[in-house]
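Each chain is listed here by its residues.
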Amino acid sequence: MEWKWSSVDNIASDNLPERVSISNGNDKLDCAFCGGKGEKPKGSRCSVCGGSGKISLQQPAIKCAYCKGTGKDKPRSHLTCTVCKGKGYVSVREPLETCSKCRGKGVDPHNKLPCTRCAGKGVITGKG
Ligand SMILES: [Zn+2]
Ligand SMILES: [Zn+2]
Ligand SMILES: [Zn+2]
C-alpha cells in the first residue's frame, strides 16, 4: 500500500525554495512577464526583457515568491511584479533562511503587499 501525498503548499517554514540554475552557459532565463515571447502586450515589445524574451540574472537565484514566478503584480495584472521587476526570479545571497514574517510566501499577511522583512523574496540571508 503506497500513500500518495499531494501538497498544495510546498513551502514549509524549513523548506527553502529551489535555486534556479542557469546551466545553458549564457546566464539567460526565459522572461516570465512575456513568457519568453518578447512581446507584452501582444505586438509590442516587452518592457522587462526589451523584446529579447530572455533575462539575465545574477546567481544564485530563486523563483520570485511574491508573484510565484509569473512576473506579474497580480494574477491577471498587466503590471510587472515590483519584487522581481517582471523577471519572475530574484537574485539572493546565501545562506538562505525562510522569512519568518511571511513564512516564505513573500506577501505580508496583513496588507497583501510585498513582505517588508524579506522584500517579497520569501527568504532572507542568514548569518553564516
Ligand atoms: Zn519579456
Ligand atoms: Zn515577482
Ligand atoms: Zn517575508
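Fair warning: this is a prediction, and the values are worked out from it, not measured in the lab. (Residues numbered from 1 in each chain as written. Chains lettered and ligands numbered in written order. Predicted model: local features only at pLDDT ≥ 70, side-chain atom pairs only at ≥ 80, totals over all residues.)

A word on the overall build of the chain. When you go through the chain residue by residue, the secondary structure sums to 0 helices and 7 strands. Along the chain direction, N to C, the helices and strands of the chain fall in the order β-β-β-β-β-β-β. Counting over 128 residues, the chain shows a buried share of 34%. Intrachain contacts of the chain at a sequence separation of at least 6 include 53% that bridge at least 24 residues. (Helix = DSSP H or I, 4+ residues; strand = E, 2+ residues; numbered from the N terminus. Buried ≥ 20, exposed ≤ 12 C-beta atoms within 10 Å, placed from the backbone. Contact = placed C-beta atoms within 7 Å.)

Right, let's talk about the environment of Cys-99 for a bit. Mapping Cys-99 onto the fold places it in the loop between strand E6 (96–98) and strand E7 (123–125). Accessibility expressed as a C-beta count within 10 Å gives 22 for Cys-99, which makes it buried. If sequence neighbours within four positions are ignored, Cys-99 has contacts with Gly-104, Cys-115, Arg-117, Cys-118, Gly-122, Val-123 and Ile-124.

Let us now look at the nonpolar core. Cys-64, Tyr-66, Val-83, Cys-84 and Val-90 are the most contacted members of the largest nonpolar core, which has 18 residues in total. Of all elements in the fold, only strand E4 (61–63) and strand E5 (89–91) reach the threshold of two or more residues within this core. Once residues within four sequence positions are removed from consideration, Cys-64 is found in contact with Gly-69, Cys-81, Val-83, Cys-84, Gly-88, Tyr-89 and Val-90. Core analysis: the next-biggest nonpolar cluster, separate from the first, contains 8 residues, Phe-33, Cys-34, Cys-49 and Ile-55 among them. (Core = buried A, V, L, I, M, F, W, Y, C linked by C-beta atoms within 7 Å.)

The omega torsion of the bond from Lys-40 to Pro-41 falls at -10 degrees, within 30 degrees of zero and hence cis. Take Pro-41: it is sitting in the loop between strand E2 (28–30) and strand E3 (54–56). In this structure, Lys-85 takes a positive phi of about 60 degrees despite not being glycine. Tracing the backbone shows Lys-85 in the loop between E4 and E5. Not every positive phi belongs to a glycine, and Ala-119 is a case in point at roughly 60 degrees. Mapped onto the fold, Ala-119 is located in the loop between E6 and E7.

It is worth spelling out the environment of Leu-113 at this point. Among the secondary structure elements, Leu-113 is positioned in the loop between E6 and E7. For the pair Leu-113 and Asp-73, spaced 40 residues apart in sequence, the C-alpha to C-alpha distance is 9.8 Å.

So, about the confidence of the model for the chain. Detailed reading of the predicted coordinates is not advisable wherever pLDDT falls low. Summing up the model confidence of the chain, the mean pLDDT is 85 and the portion of residues at 70 or higher is 82%. Mean pLDDT across the elements of the chain ranges from a minimum in strand E1 (residues 19–20), with 71, to a maximum in E7, with 94. Segment residues 5–13: pLDDT under 50, and 7 contacts once partners within four positions in sequence are set aside and those in other chains are kept. (pLDDT = per-residue confidence, 0-100.)

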